[in-house]
Amino acid sequence: MHLIFVLLLFAVVPTVCADPLFIAVPDHATAVDGGLSRGVAFGDADGDGDADLLVGNTINYPEFLYRNDGEQFAQVMETAPSLAGGFTEGVNWVDFDNDGDLDIFTVRTNGANDLYRNDGDWSFAEIEMGDLTTDRSTSSMACWADIDGDGWLDVFVVNRRGENDAIYRSLDGQSFERVEGSVAGRGGGDGRSCLLADLDNDGDPDIYVGNFVDTSTSPPTKQRNYLYFNQGDFDFSEQTQGHAVESRALTYGVSAIDADNDGSPDLFVTNIGGGDRNHLYLNDGNGTFRLREAGFTTPVDTPSKGHSWGDFDLDGDLDVAIANGTEGSEHIQNELYLNDGNANFSAVTNGEFVTDSHISAGIAWADIDRDGDLDLYVANWGGGDQDNVLYRNLSRGNWLELSLAGSASNRMGVGARVTVTTRHAGQTNRQTRWLHTNTGYASQNEPVLHFGLGPATKVAELRIDWPSGRRDIFVDVATNQYMPIKEGTVLDKH
């Protein structure tokens, strides 16, 4: 049985006032468009090794699609996703057909969701894929993973307004059918976000859902979040005890990350309601969680939506950037917290990322220029069509980036667990990352595994645990490189 315990740890909150980590690039092509934007997704759509960008928009604005040529972004106009209008929230780059390129999936709150097959040369065809694209829903976000371990990506879609969430099984990449009878498809909540991650370390992806209001009450009240553990063959058991599932809040964003470098995925939740704080839940290793107050200083009246975790200062642990804003609020600032490696966080107080005022929603990272640090893109949606903003990272340090390709596993490598071990000055540092298709609210980081390495000049061991069960291990790997790795490949020493 999975039990979730509550532990409150209060600490004096430190701040960081060094040189800013990020600078805004206001004249960048991606930062001169505004369309009441929601979700942000980075992915290499054309296979040239750098991250392209997709932004989902609302109120019948078309989506924004940008091609990265290594030096700058250019908007791609005449293709199906760029011409679609609607009320799009969540956006994904995902290889649903295992053909080696990234396709596009968008979810809407006003009708059927859309899947676009990548046909190469920036041509995308809107296709019908069974229940996944014919179900009419009020969807907020989709999370992809190989739920049943057959080598094909399945998808969980979170829905709004009391509508049940939905699990769709991939039929060998040829179609998708809705899984009926699963407890994870009977939520009946008012969902805003989801994640598919191996929360109990048993080798298969579990589900966590961030909910907004309880539509069964009059008037509606704050809703609790849902946690489902994967029992195999699309059978899930619901966890109903503990703060992570009993606390009621207006949740917008959720992520699974290893905040304390202990090798287990922790949960982070952002909320927008008055009196709601953002919450970090540390995992004890088998899916039991405890609440940790670790230096997050977000005021209780700050509406937090999207967030993105990454090693922004390249020191060997995960930091977090939070996007804030909602209706009726004045323009407010976003937040950036740096991690000391033990899940204690310091607020960054200078630099445009935390001093500019916006009403923000989705946020995601990518190394847009392949210089080894993580750049951020923020979708803004306040009145007057606020322009979105690209922030370039100014950090310098050692790093490693991995682009995975499954063979027995799904081609994209979603669900792979990668552990990097470094040694320096007699100290050993071990970091774990998982390849997920979602971050925070409605968004997706570049599907690349990024590690900041601090002063270490060599990776002693690189271990990849693939969804298929295969483990690949490499030793003495050079730092400061972008490495494409195929499952089962023996690498030459770098």
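Owing to the predicted nature of the structure, the values given are computational and were not obtained by experimental measurement. (Residues numbered from 1 in each chain as written. Predicted model: local features only at pLDDT ≥ 70, side-chain atom pairs only at ≥ 80, totals over all residues. Heavy atoms only, no water.)

A.B. asks: Could you clarify how one ought to interpret the environment of Ser443 in this entry?
C.D. replies: As for its position among the elements, Ser443 is in the loop between strand S41 (427-434) and strand S42 (449-454). You can call Ser443 buried: its relative accessible area is 1%. Note: C-alpha distance between Ser443 and Cys143 (300 residues apart in sequence) is 9.8 Å. Not counting chain neighbours up to four residues away, the residues in contact with Ser443 comprise Arg38, Gly39, Val40, Val91, Met141, Gly362, Ile363, Ala364, Thr437 and Asn438. A distance of 3.0 Å separates a polar side-chain atom of Ser443 from the backbone nitrogen of Val40. (Helix = DSSP H or I, 4+ residues; strand = E, 2+ residues; numbered from the N terminus. Buried < 20%, exposed > 50% of the residue type's maximum accessible area, 1.4 Å probe, protein only. Contact = heavy atoms within 4.5 Å. Polar contact = N/O pair within 3.5 Å; in protein donor to acceptor, adjacent residues only side chain to side chain.)

A.B. asks: In this structure, what is going on with empty space enclosed by the protein? I would like to understand it.
C.D. replies: Empty space among the atoms becomes visible once a probe the size of a water molecule is rolled across them. Under the definition given, this model contains four cavities of 30 Å³ or more. Put simply, the largest cavity is a space of about 320 Å³. Along the wall of the largest cavity there are 24 residues; nearest its centre are Ile257, Trp309, Trp365, Trp434 and Asn445. Within the residue set of the lining of the largest cavity, elements represented by two or more residues are strand S26 (251-257), strand S30 (304-310), S41 and S42. Residue composition of the lining of the largest cavity, grouped by class: 10 nonpolar, 10 polar and four charged. (1 Å grid on protein atoms, 1.4 Å probe; cavity = no way out; pocket = protein on both sides within 12 Å on 5 of 7 lines; lining within 4 Å. Points joined across faces, edges and corners; volume = space filled by probe spheres on them. Nonpolar A, V, L, I, M, F, W, Y, C, P; charged D, E, K, R; others polar.)

A.B. asks: Help me out: how do you make sense of the layout of surface pockets in this one?
C.D. replies: Here the largest pocket is characterised by a volume of approximately 500 Å³. Lining the largest pocket are 26 residues, with Asp44, Gly47, Gly100, Leu102 and Ser403 positioned closest to its centre. When contributions to the lining of the largest pocket are tallied by element, the ones reaching two or more residues are strand S39 (398-405) and strand S45 (481-486). In terms of residues, the lining of the largest pocket owes the most to one element, S39, which gives three residues. Tallied by class, residues from the lining of the largest pocket come to 11 nonpolar, six polar and nine charged. In terms of lining, the second largest pocket is formed by 24 residues, of which the most central are Asp198, Gly203, Asp204, Gly415 and Pro467.

A.B. asks: It is not clear to me how the sheet that holds strand S4 (residues 52-57) should be interpreted in this structure. Could you clarify?
C.D. replies: Within a sheet, each strand pairs with its neighbour through backbone hydrogen bonds, oriented either parallel or antiparallel. One open sheet accounts for four strands, arranged S3-S4-S6-S7; its pairing is antiparallel. Every other strand in the sheet has two partners, leaving strand S3 (37-43) and strand S7 (73-75) as the edge strands with one partner each. In this sheet, adjacent strand axes meet at a mean angle of 20 degrees when their direction is disregarded. Summarising the sheet, S3 and S4 pair through five bridges and their orientation is antiparallel. Of the residues in S4, the one forming a bridge with Ala41 is Leu54. (Pairing = 2+ DSSP bridges. Axes fitted to C-alpha atoms, helices over the stretch in contact; angles between N-to-C directions.)

A.B. asks: How should the sheet that holds strand S28 (residues 279-283) be read in this particular structure?
C.D. replies: A sheet is described by the order of its strands in space; here four strands give the open sequence S26-S27-S28-S29, paired in antiparallel fashion. Since the sheet does not close on itself, it has two edges, and those belong to S26 and strand S29 (289-292), each with one partner. Sheet twist, expressed as the mean angle between neighbouring strand axes with direction ignored, is 25 degrees.

A.B. asks: Help me out: how do you make sense of the packing of aromatic side chains in this one?
C.D. replies: How two aromatic rings sit relative to each other is given by the distance of their centres and the angle of their planes. Here the structure, examined in full by the defined rule, presents 17 aromatic pairs. Considering the side-chain rings of Phe353 and Tyr391, the 5.1 Å spacing of their centres and the 80 degrees angle between planes classify their relative orientation as edge-to-face. With Phe353 in helix H4 (residues 352-355) and Tyr391 in strand S38 (residues 389-393), the pair connects residues that are 38 residues apart, well separated along the chain. Neither residue differs from the other here; Phe353 and Tyr391 are each classed as buried. Through a chain of ring-to-ring contacts, three or more aromatic side chains come together here, namely Phe268, Phe296, Trp309, Tyr337 and Phe345. A cation sits over an aromatic face here: Arg38 above Trp381, 4.2 Å from the ring centre. Lying across the ring of Tyr252, Lys305 places its NZ or CZ 4.5 Å from the centre. (Phe/Tyr/Trp six-rings, centres within 6.5 Å; stacked < 30°, edge-to-face > 60°. Lys NZ or Arg CZ within 6 Å of the ring centre and 35° of its normal.)

By themselves these figures say nothing about function.
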